[in-house]
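Chain by chain, the residues:
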Amino acid sequence: MIDPILSLSFNIFNNKGTYALLLGSGISRSAGIATGWEILIDLINKIAELSKETIDTTPEDWYLNKFNKDPNYSDLLEMTFRTTTERNTFLRKYFEPTEDELEQGLKTPTKAHNAIAKLVRYGFIKTIITTNFDRLLEKALENENIIPNIISTDDNIKGALPIIHSNCTIIKVNGDYTDTRIRNTFHELENYAPELTNLLDRVFDEFGLIVCGWSAEWDIGLKKAMERRSNRRFSTYWVIKDTISNSAEALIRQFSADIIGNTTADNFFSNLVENVIAIQDTEKPHPISVKSAIASTKRYLSEEKFNIIYKDLVIYETKKIIEFLSSDILNTQTHYEINEFIKRIKYCEANSEILLNIFIISAYWGNSFHFQCISESISAILNALPNEGGVGPYIDLKRYPTFLLTYAASIAALANNKYSLLKILLDDTYVKHRDSRIPLIELLLPHTIIEKENAGYLPGMNPNMYTPLSEYITSILSPFFMELMISNYKFDELFDRFEYLFALIYLDKNDMGWAPVGMFGWRGKRYNSNNQIAILLNTEIDNLGDSHPLLSNHLFNGSTEMLKGLQNKLEVIVSRRGMY
């Protein structure tokens, strides 16, 4: 039998969002958070102390004998503290860390909480049921820039966003510590309101389940909901630290649950995240495949007799990208989520990796035949995209692979003064778009592929950057150019040159007073102005004149005068900060 945690890892990877977590107090124990019952007992002890009485039995029996009723959390708080403010102030010490506790790492998100937040960010987990009152999970999610949909009272259920439309829903079945209506006593835990009962029945019916830190001993209403579960679309996994209660053992038997034993919540969720990421990484092209593609490309470029084999290689890899772009993994008829959007970006990058390497090598070392193959490949990918409806950002993102391929090939060409490839790609290539044919450059405007607002959430980026997509693409592509021994500093210069020429060519084709200004528009703030790409290019033109490869390859009609005129127009746009 496969190790249950490996089975679970594969299941949640292949069935994203279909497993719910059921978390008990064990998830927060290592953070030093008191359980609701411990708070109730502490309150009884304080009441006895204030009453100057000694408790000879259990605190709950003492309370029953004194007040002729079972201890109730709300009653205890109300009889001890008169106002909501006083009650909340009292409760904070159980859940909010002091400076000393912060130094000890207490009452802060644990490794388990942080790992769960990562699973949510990657889209593997969307629904969480918890018996805990604390907000450690919410804090961990906040650190991942996720604002969950919280259901902690019966009132919340009525106005809550449906689970299917939420990035993350946390159902706090016993309430939140800031609300005095939290459930503690046996009577309170025995039955839930119909709204919460129906919600739990739905979750248990529709989702697989991962149980951790819950004994199933005290939360009778939750246990009843579990026992009503009849559908087993997905498996149940139960994480156990050491021993299990009789109630938990009965539920495990009822659902034929897989036991993941002898582990803590911290270790379990940390290992789960590592496993899922490892599986995700295997979806990327194997390094040997990439190395083989690079070696084959170099060989095919060496002699004309390999042209047919070279083209077959490009066609084969092009078809793989076309198949990927038409797969269900990029379905546009779904709800938009920023985490899903970022996940799709990574899929596009992984599935473009081999062709990126082929094009970089080809653009640097190749000739007009290879350049034409590059153009045909990029055109074929764009021409294969259907006119489809759905979520706009998801539809636009399907052009992201061609965006990467064009940037990579063009920058590699510039590294070896192969300006003819820029002429082919950005000036001569036309592709199908709706019912007409338009210049390729029209479909590669960065902001039409990934909007600046979304680009600011890409890994390592932030919304305050001038050009977050350009920054991100630099970080993605620069490692590929180590094969050509191009340093990061040199790559930045080539990147700026390409985006500068891209803007000039676009302005030449669309004299609308706007052009896409990339990092070259603001990089001068960090470097000496003599390094600005416009000044570098002008110096080259002054020295070489019409023999400069930019002009000798008939870009800008081979006219220095036209080039200078477009540069002046672009300078005005840059001065206005005509960013995306």
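Let me sum up the structure you'll find in this document. (Residues numbered from 1 in each chain as written. Predicted model: local features only at pLDDT ≥ 70, side-chain atom pairs only at ≥ 80, totals over all residues. Heavy atoms only, no water.)

Moving on, we get to the overall build of the protein chain. A count of helical and extended segments in the protein chain gives 28 helices and nine strands. Overall, the protein chain is about 100 × 50 × 45 Å in size when its C-alpha atoms are taken along their principal axes. Every one of the 580 residues in the protein chain was classed for burial, and the buried ones make up 52%. For the protein chain, the computed accessible surface area is about 26400 Å², with 49% contributed by carbon and sulfur atoms. Charge centroids of the protein chain, computed over 59 positive and 73 negative side chains, lie 3 Å from each other. (Helix = DSSP H or I, 4+ residues; strand = E, 2+ residues; numbered from the N terminus. Buried < 20%, exposed > 50% of the residue type's maximum accessible area, 1.4 Å probe, protein only. Areas by Shrake-Rupley, 256 points an atom, 1.4 Å probe, with all protein chains shown as cover. Lys, Arg positive; Asp, Glu negative; His and termini not counted. Charge placed at Lys NZ, Arg CZ, Asp CG, Glu CD.)

Evaluation of the coordinates by the stated rule reveals 23 aromatic pairs. Ring geometry for Y19 against Y237: centres 6.2 Å apart, planes inclined by 50°, an arrangement best described as tilted. On the criterion of sequence distance, the pair formed by Y19 in strand β1 (residues 19–23) and Y237 in strand β6 (residues 236–239) is long-range, its members being 218 residues apart. Here the two residues Y19 and Y237 agree in accessibility, since each one is buried. Taking 4.8 Å as the distance between ring centres and 75° as the angle between the ring planes, the aromatic pair formed by Y364 and W365 counts as edge-to-face. A relative accessible area of 16% places Y364 in the buried class. (Phe/Tyr/Trp six-rings, centres within 6.5 Å; stacked < 30°, edge-to-face > 60°.)

Applying the stated rule across the entire model yields 27 salt bridges. Notably, a salt bridge pairs R344 with E340, separated by 2.8 Å at the nearest N-O pair. Separated by four residues within a single helix, R344 and E340 lie in helix α17 (residues 338–365), roughly one turn from each other. Taken individually, R344 and E340 each receive the classification buried, so the pair is uniform in this respect. Here E493 makes a salt bridge to K490, at a shortest N to O gap of 3.6 Å. Pair noted here: E493 and K490 are both in helix α25 (residues 488–509), with a separation of three residues, about one helical turn. Within the structure, one salt-bridge network assembled from shared partners comprises R135, E138, K172 and D176. (Salt bridge = Lys/Arg side-chain N within 4 Å of Asp/Glu carboxyl O.)

Next up on the list: the side chain of K423. Residue placement: K423 occurs in helix α21 (residues 419–428). Take K423: its relative accessible area is 18%, and that puts it in the buried class. Those residues in contact with K423, other than ones at most four positions away along the chain, are D428, N553, H554 and L555. (Contact = heavy atoms within 4.5 Å.)

This part takes up the sheet that holds strand β3 (residues 149–151). Strand order in the open sheet formed by seven strands is β3-β4-β2-β1-β5-β6-β7, and the pairing between neighbours is parallel. Here the strands that pair on one side only, and so sit at the sheet edges, are β3 and β7 (258–260). The average undirected angle you get between the axes of adjacent strands in this sheet is 20°. Relative to the sheet, helix α8 (residues 136–143) contacts β1, β2 (125–130), β3 and β4 (169–172), its axis offset from that of β4 by approximately 170°. (Pairing = 2+ DSSP bridges. Axes fitted to C-alpha atoms, helices over the stretch in contact; angles between N-to-C directions.)

What follows concerns the pairing of β1. Among the five residues in β1, five count as buried, and that is most of the element. A two-sided burial pattern is seen for β1, the buried positions comprising Y19, L21 and L23 on one face and A20 and L22 on the other. Strand direction decides the pairing type here: β1 and β2, joined by five bridges, are parallel. When the bridges of β2 are listed, L21 appears paired with I128. Here β1 pairs with strand β5 (residues 208–212) via five bridges, running parallel. When the sheet's bridge partners are listed, A20 is paired in β5 with L209.

For any two helices packed against each other, one specifies the crossing angle of their axes together with the interaxial distance. At a minimum axis distance of 11 Å, the contact between helix α24 (residues 468–477) and α25 shows a crossing angle of 130°. Relative to α25, the element α24 is oriented oblique. Crossing geometry of α24 relative to α25 is assigned as right-handed. When α24 is examined against α25, the residues S470, I473, T474 and L477 are found in contact with a partner set consisting of F491, D492, F495 and E499. When grouped by side-chain class, the residues that make up the contact of α24 with α25 number four nonpolar, two polar and two charged. (Parallel < 35°, antiparallel > 145°, perpendicular 65-115°, else oblique. Left-handed = near helix turned anticlockwise from the far one by under 90°. Nonpolar A, V, L, I, M, F, W, Y, C, P; charged D, E, K, R; others polar.)

Mapped onto the secondary structure, E53 falls in the loop between α2 (36–50) and α3 (59–67). Its relative accessible area of 33% is what places E53 among the partly exposed residues. Each C-alpha atom, one on E53 and one on F207, is 50 Å from the other, the two residues being 154 residues apart in sequence. If we skip the residues at most four places from it in the chain, E53 touches A48, W62 and K66.

The next point concerns the side chain of H113. Topologically, H113 is positioned in helix α7 (residues 111–121). Judged by its relative accessible area of 2%, H113 is buried. A polar side-chain atom of H113 sits 3.4 Å from a polar atom in the side chain of S28. For H113, the contacting residues outside a window of four places in its chain are I27, S28, L136, L137 and A140. (Polar contact = N/O pair within 3.5 Å; in protein donor to acceptor, adjacent residues only side chain to side chain.)

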